Amino acid sequence: MTKNLTGVDDVLKNLKKMQKSAEEIEGTNTIPFTELFNNSFMQANTKFSDIENFEKESKFDFSEMDSIDEKKLDEFVNLNTKFDSWDSMMTSASNKWVAKKLGL
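Before going into details, it helps to say that this report is about the structure given with it. (Residues numbered from 1 in each chain as written. Predicted model: local features only at pLDDT ≥ 70, side-chain atom pairs only at ≥ 80, totals over all residues. Heavy atoms only, no water.)

**Quick look at the overall build of the protein chain**
And step 1. Along its length, the protein chain carries six helices and zero strands.
And step 2. When the helices and strands of the protein chain are placed in sequence order, the string is α-α-α-α-α-α.
And step 3. Residues classed as buried in the protein chain amount to 29% of the 104 residues present.
And step 4. If you take every contact in the protein chain between residues at least 6 apart in sequence, the share linking residues at least 24 apart comes to 52%. (Helix = DSSP H or I, 4+ residues; strand = E, 2+ residues; numbered from the N terminus. Buried < 20%, exposed > 50% of the residue type's maximum accessible area, 1.4 Å probe, protein only. Contact = heavy atoms within 4.5 Å.)

**A short note on the side chain of T46**
And step 1. Note that T46 resides in the loop between α3 (39-45) and α4 (51-58).
And step 2. A distance of 2.6 Å separates a polar atom in the side chain of T46 from the backbone oxygen of M42.
And step 3. Side-chain polar atoms of T46 contact the backbone nitrogen of F48, separated by 2.9 Å.
And step 4. Dropping the residues within four chain positions of it, T46 is found in contact with N80, T81 and M89. (Polar contact = N/O pair within 3.5 Å; in protein donor to acceptor, adjacent residues only side chain to side chain.)

Here is the structure:
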């Protein structure tokens, strides 16, 4: 008894496309805040419609990340987002960015 599989070519094509995308984003990437924290991400996970309003309301200078008090930023994130820290917000946004780039 045999079974014909349909769609295998499509699966292989999608896997090759995903592999190519993974190779393109491999390593260190510089991602603009507006791309990483796109409006959809911000609206789903924060009290803000976009990253610009988040930055404005926070009163932190995100162009000088090293100068930001991490505890104060974590407090702001905890009060205004679904995340308990800036790191967890960054991780979530990064994971979503990678998934989008891979076509998932």
